[in-house]
Amino acid sequence: MTSSTNMRLRLPLLCIILEVILIILFGTLVEYNDDTHAKLWNENRTDSDTRNDHENEFYYRYPSFQDVHVMIFVGFGFLMTFLQRYGFSSVGFNFLIAAFSLQWATLMQGFFHGLHHGKIHVGVTSMINADFCTGSVLISFGAVLGKTSPVQLLVMAIFEVTLFAVNEFILLSILGVNDAGGSMTIHTFGAYFGLVVTRVLYRPNLDKSKHRNSSVYHSDLFAMIGTIYLWMFWPSFNSAITNYGDPQHRTAMNTYYSLAACTLATFAFSALVNPEGKLDMVHIQNAALAGGVAVGTAGEMMLTAFGSMIVGFLAGTISVLGYKYLTPVLESKLKIQDTCGIHNLHGMPGVLGAVVGAVTAALASPDVYGHGLQRVFADVETGKWNPQSRGGFQAISLAVTLGMALFGGLITGFILKLPIYGAPPDTHCFEDGLYWEVPGEEEGHQELYEVATPNEVEKLSS
Amino acid sequence: MTSSTNMRLRLPLLCIILEVILIILFGTLVEYNDDTHAKLWNENRTDSDTRNDHENEFYYRYPSFQDVHVMIFVGFGFLMTFLQRYGFSSVGFNFLIAAFSLQWATLMQGFFHGLHHGKIHVGVTSMINADFCTGSVLISFGAVLGKTSPVQLLVMAIFEVTLFAVNEFILLSILGVNDAGGSMTIHTFGAYFGLVVTRVLYRPNLDKSKHRNSSVYHSDLFAMIGTIYLWMFWPSFNSAITNYGDPQHRTAMNTYYSLAACTLATFAFSALVNPEGKLDMVHIQNAALAGGVAVGTAGEMMLTAFGSMIVGFLAGTISVLGYKYLTPVLESKLKIQDTCGIHNLHGMPGVLGAVVGAVTAALASPDVYGHGLQRVFADVETGKWNPQSRGGFQAISLAVTLGMALFGGLITGFILKLPIYGAPPDTHCFEDGLYWEVPGEEEGHQELYEVATPNEVEKLSS
Amino acid sequence: MTSSTNMRLRLPLLCIILEVILIILFGTLVEYNDDTHAKLWNENRTDSDTRNDHENEFYYRYPSFQDVHVMIFVGFGFLMTFLQRYGFSSVGFNFLIAAFSLQWATLMQGFFHGLHHGKIHVGVTSMINADFCTGSVLISFGAVLGKTSPVQLLVMAIFEVTLFAVNEFILLSILGVNDAGGSMTIHTFGAYFGLVVTRVLYRPNLDKSKHRNSSVYHSDLFAMIGTIYLWMFWPSFNSAITNYGDPQHRTAMNTYYSLAACTLATFAFSALVNPEGKLDMVHIQNAALAGGVAVGTAGEMMLTAFGSMIVGFLAGTISVLGYKYLTPVLESKLKIQDTCGIHNLHGMPGVLGAVVGAVTAALASPDVYGHGLQRVFADVETGKWNPQSRGGFQAISLAVTLGMALFGGLITGFILKLPIYGAPPDTHCFEDGLYWEVPGEEEGHQELYEVATPNEVEKLSS
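Residues numbered from 1 in each chain as written. Chains lettered and ligands numbered in written order. Predicted model: local features only at pLDDT ≥ 70, side-chain atom pairs only at ≥ 80, totals over all residues. Heavy atoms only, no water.

Could you clarify how one ought to interpret the overall build of chain A in this entry?
Along its length, chain A carries 18 helices and two strands. Taken against the 2.2 N^0.38 rule, which gives 23 Å for 462 residues, the C-alpha radius of gyration of chain A at 23 Å falls within 12% of a compact globule. Here the C-alpha coordinates of chain A stretch approximately 75 × 55 × 45 Å along the principal axes. In chain A, which comprises 462 residues, the share counted as buried stands at 69%. Long-range pairs, those at least 24 residues apart, make up 82% of the contacts in chain A with a sequence separation of at least 6. Summed over its atoms, the accessible surface of chain A is roughly 13500 Å², and 63% of this surface lies on carbon and sulfur atoms. Chain A carries 24 positive and 37 negative side-chain charges, and their two centres are separated by 9 Å. (Helix = DSSP H or I, 4+ residues; strand = E, 2+ residues; numbered from the N terminus. Rg over C-alpha atoms; globule rule 2.2 N^0.38 Å. Buried < 20%, exposed > 50% of the residue type's maximum accessible area, 1.4 Å probe, protein only. Contact = heavy atoms within 4.5 Å. Areas by Shrake-Rupley, 256 points an atom, 1.4 Å probe, with all protein chains shown as cover. Lys, Arg positive; Asp, Glu negative; His and termini not counted. Charge placed at Lys NZ, Arg CZ, Asp CG, Glu CD.)

See the structure below:
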């Protein structure tokens, strides 16, 4: 068994080949955009007297980018450390596949979103978009957490990033809909993609590892680091690529209120569904974030704090109820083993967000938005504007996203099922020792009693 | 006993009722302000040719807001995880009462600080102010940490937020004083409010839980996460709502130097007061932050780096000495059981900050401030300006704040004493297991020896 | 032994004396600069109609400053918590020497980089520069981690900050070279300075503490907090003090791509050099960051994403190989005991960064940079511009830096060898209990078995 999960050749080969391909493609296809190019930025500056350094998109977007970056690497990474013996893999594989995905996403998104004379132009906005696409892969990672090798995860990322870019292109460029915070493109897509992948990779004997598929006291505290960072920076996430000025400001604020209301709903229902009225860390760590997902589409619209709070409250409620009542059914009836419960945090709240976005768009009017209408809804200027049809396109986008995710997850799942990636055996899921050098226990303890290290457990049980 | 602390109905009911009330009030009272409203922002843009998106307050304030947000949720939340078995409650209840308080504070502050045709206008500045008010509640939480149920904490927040808004209104709007970083409004108010509450809730038999009222190795490291984030972002806290330009810049820098000097004082006195010269984590985690509290009022003034460092050094010194010599006396003589020692971190340094603010204001002159005078002291323009009287008003504000805090804490304390909130019994304070599902120990360990989980301990001892 | 490591008088005396000296020097030498001074900022505003608050350097630099600040205090502090019983010291001493160094650096850098009528002018840029200099000291701290008393560390900081300022002055002011992200001034200098210090302090019997010179499971997770924050915010670090506009934007992006490529190289080579193909936390925690170091000089130039990724990939590769093959040789042959492996994270990648910077500068041309040339290379305007000679000066700067670091480290090492600082004995290195009050184990455990606390271990072994 140890030999079959040995990464010594597989992982280095895949990483090096992928990075070499990336470097070659970047060398041939990628260029600085106007705001990052020494020549172009300063030429443009001369042409226009009023343009100044502070108008460089860097100053509008970089603080948001950094917040998004924290969500991707600390937020997602630590959120998944709740498992007792899978912290190295949670943070580490999150780190690896995110570092790969953001490079691959730059190329895929650049390719679909418009080449400039055959070149992809990059700057802080492309960095944010690449991080967004990476977020989608990390959501899917949550479904298969503990049951996949790093090689499998990289292969999944290759396919998911590609299909993400296709879906995003259909939604934003062809259908021309709004989805600044990615309720559809990021959350719904990532969740259902991951759920189908984990369904295809179904392990009937996973209960052999169930003693490790739970948290310990300190692992739950590490996971709260991830939760709190995601929660705090979600306003930056949803507003990171909206238009400058009022849309960015409004989106951040709507998300702030949605999350606050969601948190109260989460605590309320977590206590309510427990026989002893005790709060469950799984709910607090995850469901409290559903409010950010659910205003990912409508956040930039005139949703109002009032509307945002209603949406957030609903999102928290369905998320807790999903963890309590739906997840066990998904596993027992549909054979979907969803380690992190991404269906409750990203799936249902993502669909809710898409519906809220469609309704809010359908209700939009020049009376409410004034001259700001065209800053939120791009096709107003082109004369195609019709709130009802816009609402309809938003709804169609949800269907397209679900279709792409299910189709993509199915294909990817079967590719990941090939027995060549060194996936962990059923007996050793949720165990860092398979892919990591895990240190022994603390000195003081070891003198007093002997603890079997994961490596030893492995040997004993093989 | 278990039945009396059962939260199954109390907590959900309270959360849902509060959130429904909040949603209704937001629906009837809250509107986007000029900088977040699609119509108003773009109308105003047309009126003035020079106004541009980068002048939206979002770009001046949002990075500061995010830093403040991190202080509230990560800073306060993790600072209180130092207790060995109270990490879930520290981070979790911090999360809950902060999410509630920021909504309630938006309404209370909006109501007192000026309605616009009967409506409360919201934007990034109101978000920062709401987070500030929340900070005050979290300071009080530190005094009663481990001895209160989440229902009690929410009830405390309802009253404290309301009185905070009244006190802030008296200070900033009626007396017209300066307190941008909240030495008085946030720290002094929160500290003495919390101290009176914990005095009223005095538990003569708290020593039954004293074996849990201390840290373990890793809980101290989690707490350092909170400390360091508070320390790093305090310059953003104090400068978040000062005027644009030089005041914001100067405040951040003064706070930076005050904290640096405070840290050296903290290490010095922590070693000095220990017989073996060993450093105490309690001091490092808390007293090193007192320098931020103590320049909360004067930070925006021309305090200079020199002045800031003196203030910071003093603050660190009195804070360590307070932990060592005053806290035990407060408990034994005055029956004030102050779990986190908020009197040393927020109480005394807050009063010091108020005094420093009064003196610095009294010494202000047009010679030093030039045209910048009216950007720091609001009533210069109105012709009422007189440095000495300004200094006097600052001093009066401290007295008003202390009075409001003592009065408010007394009322709130007696309300919280009613035996209806499911407060923990003396034997089970500082214990997560009462309100949380707490996971068992790590797999590898459990095979070797049996550890009693908190739930089991509870059963055994009941 | 306990008496010789007792800090009761030494540490307080040194801290208080240093802080008093700092306060006096700040009082006599330091003034607000134009952007932080109430009078000067508002005078200048009147002189020029177009100047506005948003042009205050605060809004260009403060978000970058805060990211750098997080790297210094959380990044460096937690990265070093990987040791099983040295977390308090790692975060705590990091905190102490950083708080001291940033004050001392403000004076030293202000003195060398140009006095204004005998005064040092401070603002957000001087704060970033002070944090940068502090970073250099913290790199050296990594080499001597676990083997030094806090008094020794403060004394080291006094000398290192001073020599850092001299070296920086020679490079930036006399030779006029580029090094915005500090490949030379910060990383190369800090690394070789620290390596020489630890060489001079060589302990032949350090293996008496080797059972503590390793990680445990949760200490590795704490260290990953440090790693991830350093990784995420490195784009802000390298771009923090470049010119406004395109240089700042471009530097951040180049660093982002370099780090992403570096991460894939790190995972690849970490698995490759392990017989079982298992990943090593030491590599992931450290080598994945080498990509940020290696574009510290060239990041602001037109390196392109392509070039950045090649540099990052190389940096990750040499860093992992260094940990695996070079570090053991350095210890056994050259008697350099490098606790954190700073030679692999800062030393070699720093030199690589200097070489890349020299080559990229030598290849610069007006064709590529256009009017932006003078915004990157300062002496273009003065007519001295010649890419080849610029490349040569960059190379000379590396030699100067290495010379200064070796010389400074040698002197400082011998000063630190004096037996007056309370350094830990060989048997008690890597042990918090020597300088900290360390709490006992968790309640539940203690009832079941007795664990010797570090203090008791100390007594037993003395």
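In this structure, what is going on with the environment of A362(B)? I would like to understand it.
Residues and elements named next belong to chain B. Turning to its location among the elements, A362 is positioned in helix 13 (residues 342-362). Judged by its relative accessible area of 22%, A362 falls in the partly exposed class. Expressed as a C-alpha distance, the spacing of A362 and N386, which sit 24 residues apart in the sequence, is 8.1 Å. Discounting residues that sit within four places of it in the chain, A362 has contacts with P387, Q388 and G391.

Help me out: how do you make sense of the relation of the copies chain B and chain C in this one?
Both copies of the chain are related by one operation, a rotation about an axis with a shift along it. Rotating chain B by 120° about the axis while translating it 0.0 Å along that axis superimposes it on chain C, leaving an RMSD of 0.0 Å. What the rotation and shift describe, once combined, is the action of a three-fold rotation axis. Considering only C-alpha atoms, the residue of chain B closest to the rotation axis is P63(B), which sits at 3.8 Å. Looking at the interface residues of chain B, only 13% of them are also at the interface in chain C, so each copy uses its own face. (Least-squares fit on C-alpha atoms with pLDDT ≥ 70 in both.)

I tried to follow helix 13 (residues 342-362) of chain A on my own but got confused; where do I start?
Because an α-helix completes one turn every 3.6 residues, residues spaced three or four positions apart along the sequence face the same direction. Residues and elements named next belong to chain A. Over its 21 residues, helix 13 extends 29 Å from the first C-alpha to the last, a length consistent with the 30 Å expected when each residue adds 1.5 Å. If you look at helix 13, its biggest bend is around 25°, right at G350. The buried fraction of helix 13 amounts to 17 of the 21 residues, a majority that puts the element mostly inside the structure. (Expected span 1.5 Å × (residues − 1). Bend = angle between axes of the 7 residues up to and from the residue.)

Would you mind going over the interface of chain B and chain C with me for this structure?
Interface size is often expressed as the accessible area that is lost when the parts come together. Listed per partner, the contact involves 75 residues of chain B and 85 residues of chain C. Buried area between chain B and chain C, summed over both chains or domains, comes out near 7000 Å², and the portion from carbon and sulfur atoms is 70%. Joining chain B to chain C, the criterion identifies one salt bridge. Between R375(B) and D53(C) there is a salt bridge; the shortest N-O distance is 2.8 Å. Applying the counting rule to chain B against chain C returns 30 residue pairs in polar contact (both at pLDDT 80 or more). Counting residues per element, the ones that place at least two in the side of chain B that touches chain C are helix 3 (57-79), helix 8 (217-239), helix 9 (246-272), helix 10 (281-286), helix 12 (304-334) and helix 14 (366-369) of chain B. Examining the composition of the side of chain B that touches chain C, we find that 18 residues originate from one element, helix 9 of chain B, more than from any other. When grouped by side-chain class, the residues that make up the side of chain B that touches chain C number 45 nonpolar, 18 polar and twelve charged. (Buried area = accessible area lost by both parts, 1.4 Å probe. Salt bridge = Lys/Arg side-chain N within 4 Å of Asp/Glu carboxyl O. Polar contact = N/O pair within 3.5 Å; in protein donor to acceptor, adjacent residues only side chain to side chain. Nonpolar A, V, L, I, M, F, W, Y, C, P; charged D, E, K, R; others polar.)

What's the story with the packing of aromatic side chains in this structure? I'm lost.
The geometry of an aromatic ring pair comes down to the distance between the two centres and the angle between the two planes. In total, this model carries 84 aromatic pairs over all chains according to the counting rule given. On the numbers, 5.2 Å between centres and 85° between planes, the contact of F58(B) with Y59(B) is edge-to-face. Exposure class is identical for F58(B) and Y59(B). Each is buried. An aromatic cluster is present here, built from F26(A), F58(A), Y59(A), Y62(A), F65(A), Y60(C), Y244(C), Y256(C) and Y257(C) joined pairwise through their rings. When the ring centre of Y217(B) is taken as reference, the NZ or CZ atom of R85(C) above it lies at 4.5 Å. (Phe/Tyr/Trp six-rings, centres within 6.5 Å; stacked < 30°, edge-to-face > 60°. Lys NZ or Arg CZ within 6 Å of the ring centre and 35° of its normal.)

Would you mind going over empty space enclosed by the protein with me for this structure?
It is the rolling of a water-molecule-sized probe over the atoms that shows where space remains empty. A full pass over the atoms with the stated rule returns twelve cavities of 30 Å³ or more. What the second largest cavity holds in volume is close to 400 Å³. Looking at the second largest cavity, it is lined by 22 residues, and the ones nearest its centre are Y59(A), Y59(B), P63(B), Y59(C) and P63(C). Listed by contribution, the elements that provide at least two residues to the lining of the second largest cavity are helix 3 (57-79) of chain A, helix 3 of chain B together with helix 3 (57-79) of chain C. Here the residues of the lining of the second largest cavity sort into 15 nonpolar, seven polar and no charged. (1 Å grid on protein atoms, 1.4 Å probe; cavity = no way out; pocket = protein on both sides within 12 Å on 5 of 7 lines; lining within 4 Å. Points joined across faces, edges and corners; volume = space filled by probe spheres on them.)

Looking at this structure, I do not really get the packing of helix 3 of chain A against helix 4 (residues 87-112) of chain A. What am I missing?
Residue and element names in this part refer to chain A. Remark: helix 3 packs on helix 4, axes separated minimally by 8 Å, with the N-to-C direction vectors making an angle of 145°. The handedness of the crossing between helix 3 and helix 4 comes out as right-handed. Two secondary-structure elements touch here, helix 3 through I72, F73, F76, G77 and F78 and helix 4 through S90, V91, N94, F95, A98, A99 and L102. Grouping the amino acids of the contact of helix 3 with helix 4 by side-chain chemistry returns nine nonpolar, three polar and no charged. (Axes fitted to C-alpha atoms, helices over the stretch in contact; angles between N-to-C directions. Left-handed = near helix turned anticlockwise from the far one by under 90°.)

Hey, could you run me through the relation of the copies chain A and chain C in this one?
Mapping chain A onto chain C is achieved by rotating through 120° and translating by 0.0 Å along the same axis, at an RMSD of 0.0 Å. An overlap of only 12% is found between the interface residues of chain A and their copies at the interface of chain C, pointing to separate contact surfaces.

Could you clarify how one ought to interpret the pattern of salt bridges in this entry?
Any two side chains of opposite charge can pair if their charged atoms end up close together. Inspection of the entire model under this criterion finds 18 salt bridges over all chains. Across the pair D246(A) and R250(A) runs a salt bridge, and its minimum N-O distance is 2.9 Å. Of the two residues, D246(A) and R250(A) both sit in helix 9 (residues 246-272), four residues apart, roughly one turn of that helix. Accessibility expressed as a relative area gives 0% for R250(A), which makes it buried. Shared partners join several salt bridges into a network, and the residues in it are D53(A), D246(C), R250(C) and R375(C).

Mind showing me how you'd approach the interface of chain A and chain C here?
Counting from both sides, the interface comprises 85 residues of chain A and, opposite them, 75 residues of chain C. Carbon and sulfur atoms supply 70% of the area that chain A and chain C bury against each other, a total of about 7000 Å² over both sides. One can count one salt bridge joining chain A with chain C. Scanning the region where chain A abuts chain C turns up 30 residue pairs in polar contact (both at pLDDT 80 or more).

How should I be thinking about the nonpolar core in this particular structure?
One broad rule of soluble globular proteins: the nonpolar side chains tend to lie buried together. In this structure, Y229(A), Y229(B) and Y229(C) are the most contacted members of the largest nonpolar core, which totals 458 residues. With near-sequence residues (within four places) excluded, Y229(C) lies in contact with V70(A), V74(A), Y229(A), Y229(B), V70(C), M71(C) and V74(C). (Core = buried A, V, L, I, M, F, W, Y, C linked by side-chain atoms within 4.5 Å.)

Help me understand unusual backbone geometry in this model?
In most cases, non-glycine residues show a negative phi, while peptide bonds are predominantly trans. Despite not being glycine, T304(A) has its phi angle at roughly 70°, a positive value. Relative to the helices and strands, T304(A) resides in helix 12 (residues 304-334). Of note, K335(C) is a non-glycine position whose phi angle comes to about 60°, a positive value. Mapping K335(C) onto the fold places it in the loop between helix 12 (304-334) and helix 13 (342-362). Using a relative accessible area of 36% as the deciding quantity, one classes K335(C) as partly exposed.

Just to check I follow, could you spell out a nonpolar patch on the surface for this structure?
Residues and elements named next belong to chain A. Taken together, the side chains of L9, L13, I17 and I21 present a nonpolar region at the surface, about 400 Å² in accessible area. Mapped onto the fold, L13 is located in helix 1 (residues 10-29). The exposure class assigned to L13 is exposed, which follows from its relative accessible area of 52%. (Patch = residues over 30% accessible without salt bridge, like charges linked within 9 Å, V, L, I, M, F, W, Y side chains within 5 Å.)

Honestly, the side chain of D67(C) in this entry has me stumped. Any pointers?
Its place among the elements puts D67(C) in helix 3. Put simply, D67(C) is tucked away with no salt bridge, and the nearest opposite charge, on R61(C), sits 12 Å away. The contacts of D67(C), once residues within four sequence positions are left out, are Y62(A), Q66(A), F233(C) and S236(C).

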